[in-house]
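Report on the structure
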Amino acid sequence: MKEKLVDYLKALVEIPSVIGNEKEIADFVHSFSRKYYPEKNIVRHNNSLIVFDDFDKSKKTLALVGHLDTVPGDNEYTGKIIDGSLYGLGASDMKGGLAVMMGLMDYFSGKEKRFNLIYVFYEKEEGPYVDNGLEPLLSDFDIIQKADLAVALEPTNNKVQVGCLGTLHASIIFEGKRAHSARPWQGENAIHKAADFLKRLADFGIHEYEFEGMKYLEVMNATMVEFSGGRNIIPDRFVINVNYRFAPGKTIEQAKKDVLELVNKEAKVEFTDLCPSGNVCLYNPVLSELIEKFKLPVEAKQAWTDVARLSLYEIDAVNFGPGDPAQAHQRNEHISLNNLFENFNIFQRFIKI
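First, a word on what this report is: a plain description of the structure on this page. Fair warning: this is a prediction, and the values are worked out from it, not measured in the lab. (Residues numbered from 1 in each chain as written. Predicted model: local features only at pLDDT ≥ 70, side-chain atom pairs only at ≥ 80, totals over all residues. Heavy atoms only, no water.)

Section: the environment of phenylalanine 115
With respect to the helices, strands and loops of the structure, phenylalanine 115 is situated in strand β6 (residues 115–122). Relative accessible area serves as the criterion here: at 3%, phenylalanine 115 is assigned to the buried category. Here the alpha-carbon distance between phenylalanine 115 and leucine 62, two residues 53 residues apart in the chain, equals 6.2 Å. Residues within four places of phenylalanine 115 in sequence aside, it is in contact with Asp53, Lys59, Lys60, Thr61, Leu62, Val286, Phe350 and Ile351. (Helix = DSSP H or I, 4+ residues; strand = E, 2+ residues; numbered from the N terminus. Buried < 20%, exposed > 50% of the residue type's maximum accessible area, 1.4 Å probe, protein only. Contact = heavy atoms within 4.5 Å.)

Written out as structure tokens, the structure is:
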């Protein structure tokens, strides 16, 4: 299977699939799935797919979940193997995981399995929460909800990462009065008005937050700004985009309150993107067996993934994939082939009777 896994991954990274342009890669995965499953076992919704076994009620059900899209980026070595790593945009995040899913579909064709398997390939994960392609698969169909455990093959270096941070974006809007920069006393500088808030934001630091025995790090940062005017104008408007990453166990309403308290009524606040945190499901018996059987390291997920969205639908879910989180969204992104093979072998041995 090693050669097949490499071939699958090469094919995937050679198909451009920057968010919003997933049709070609969805068509490729759809065509691949038809080799192993009849059309009645394949759901296609826009550029997302659910491929599933006929359900045997005597077996538990395992869902394997992966997004088809990548962020924009450059890679000078697409499809090349250098020092044991395969290069390509999305190789770690998360086409390596997709290659494992395709390899499992291939390997278990015609073979008995311990689990009913559901494969979920979806679009638009790398963009706004409301546009995410997993949502209609969950809201319009009831297939994924049959899973006793869902595994998102996001990059984790073959560690089980439980839960995930919630994330929100907020526009902090400071308003002043426009004037000529030679006569600033005739106006009110909206940028200067943000000084105290920016100091508090810079001092926010890292907040450790423990939930279900796991330690998460909450952080809040300014990530973008916009302003009105030009170089010789006192601006009457200054907007700071704040991104807050908050721990499991904290609701979106609580996270919004944290931001409002930091702003201290000094500016208007508009919340623009709200993504919940993910549940920590270490109690799940399928997950416990996976961890114990392969002595897998377990850690908190210090990022947002669709484990959070699955949690909203009361589906126990974790992150466990072959990619390296440090490679995600990097120039000349790559993935260790040994990691790829190890991840496939763990799933193959776990699913096999």
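Observations regarding the sheet that holds strand β7 (residues 149–152)
In spatial order, the strands read β1-β2-β6-β3-β7-β17-β8-β16; together these eight strands make up an open sheet with mixed pairing. Two strands close off the open sheet at either side, each with one partner strand: β1 (42–45) and β16 (298–300). Averaged over neighbouring strand pairs, the angle between their axes works out to 25° when direction is ignored. Inspection of the sheet shows β1 paired to strand β2 (residues 48–52) by four bridges, in the antiparallel sense. Within β2, the position partnered with isoleucine 42 by the bridge is valine 51. (Pairing = 2+ DSSP bridges. Axes fitted to C-alpha atoms, helices over the stretch in contact; angles between N-to-C directions.)

What about the layout of surface pockets?
Volume-wise, the largest pocket comes out at about 620 Å³. Around the largest pocket sit 26 residues that line it, and Glu125, Glu126, Arg245, Trp304 and His329 are the ones nearest its centre. Taken together, the elements giving at least two residues each to the lining of the largest pocket come down to β9 (166–175) and β15 (268–275). A class-by-class count of the residues in the lining of the largest pocket yields 10 nonpolar, eight polar and eight charged. (1 Å grid on protein atoms, 1.4 Å probe; cavity = no way out; pocket = protein on both sides within 12 Å on 5 of 7 lines; lining within 4 Å. Points joined across faces, edges and corners; volume = space filled by probe spheres on them. Nonpolar A, V, L, I, M, F, W, Y, C, P; charged D, E, K, R; others polar.)

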